[in-house]
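# Descriptive analysis of the structure
Residue-level listing of the chains:
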Amino acid sequence: MRKETQWNSRVTSAELRSAEPIEAGTRFAIVNGGTTYEVTITTYDRPSRLVFEASGNPDLTIAYTFTPVGEGTDLECDLEFRPRGALKVPFRLLAPVIRRDVPRQYASLKALCEG
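Here the structure is a predicted model, which is why all the values come from computation and not from measurement. (Residues numbered from 1 in each chain as written. Predicted model: local features only at pLDDT ≥ 70, side-chain atom pairs only at ≥ 80, totals over all residues. Heavy atoms only, no water.)

### Re the overall build of the protein chain
Across its full length, the protein chain holds one helix and six strands. Secondary structure of the protein chain in N-to-C order comes out as β-β-β-β-β-β-α. Seen along its three principal axes, the alpha-carbon backbone of the protein chain occupies a region of about 45 × 30 × 20 Å. Looking at the protein chain residue by residue over its 115 residues, the buried ones come to 31%. At a minimum sequence separation of 6, the contacts of the protein chain that also span at least 24 residues come to 18%. Put simply, the protein chain shows about 7,400 Å² of open surface, and 52% of that area lies on carbon and sulfur atoms. Across the protein chain, the centroid of the 15 positively charged side chains sits 7 Å from that of the 15 negatively charged ones. (Helix = DSSP H or I, 4+ residues; strand = E, 2+ residues; numbered from the N terminus. Buried < 20%, exposed > 50% of the residue type's maximum accessible area, 1.4 Å probe, protein only. Contact = heavy atoms within 4.5 Å. Areas by Shrake-Rupley, 256 points an atom, 1.4 Å probe, with all protein chains shown as cover. Lys, Arg positive; Asp, Glu negative; His and termini not counted. Charge placed at Lys NZ, Arg CZ, Asp CG, Glu CD.)

Right under this line is the structure:
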């Protein structure tokens, strides 16, 4: 999370808010697309699973699954958006746009990891 500004062009700030080591319960403050999120790691099953709960608008669950493949790793991501209030209606239109942007962001993550 702290390095997300290096690969996710929408994230302008990522800050650790709790003590190390990084584990379940670790908290971060993230600014993504101008929206501030309080993010908590809820599952930290290294090296195969990582789940974050993000409070903002929309609230969001991000679940990563890492699978060894040959000499590399396959990354699968599930995103669950939970918009509130006035954002519920327009978010139905925004969600597909956000989902289309995710592969571009992960391509940047892959380049950072391989570089």
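Following the structure, the description resumes.
### Focus on helix H1 (residues 88–114)
With 27 residues, H1 extends 38 Å from end C-alpha to end C-alpha; this agrees with the ideal 39 Å at 1.5 Å per step. Most pronounced at Leu94, the bend in H1 amounts to some 40°, and the proline Pro96 follows within four residues. At its buried positions, H1 is contacted by strand S5 (59–69) and strand S6 (72–82). (Expected span 1.5 Å × (residues − 1). Bend = angle between axes of the 7 residues up to and from the residue.)

No statement about biological role is implied by the geometric values presented.
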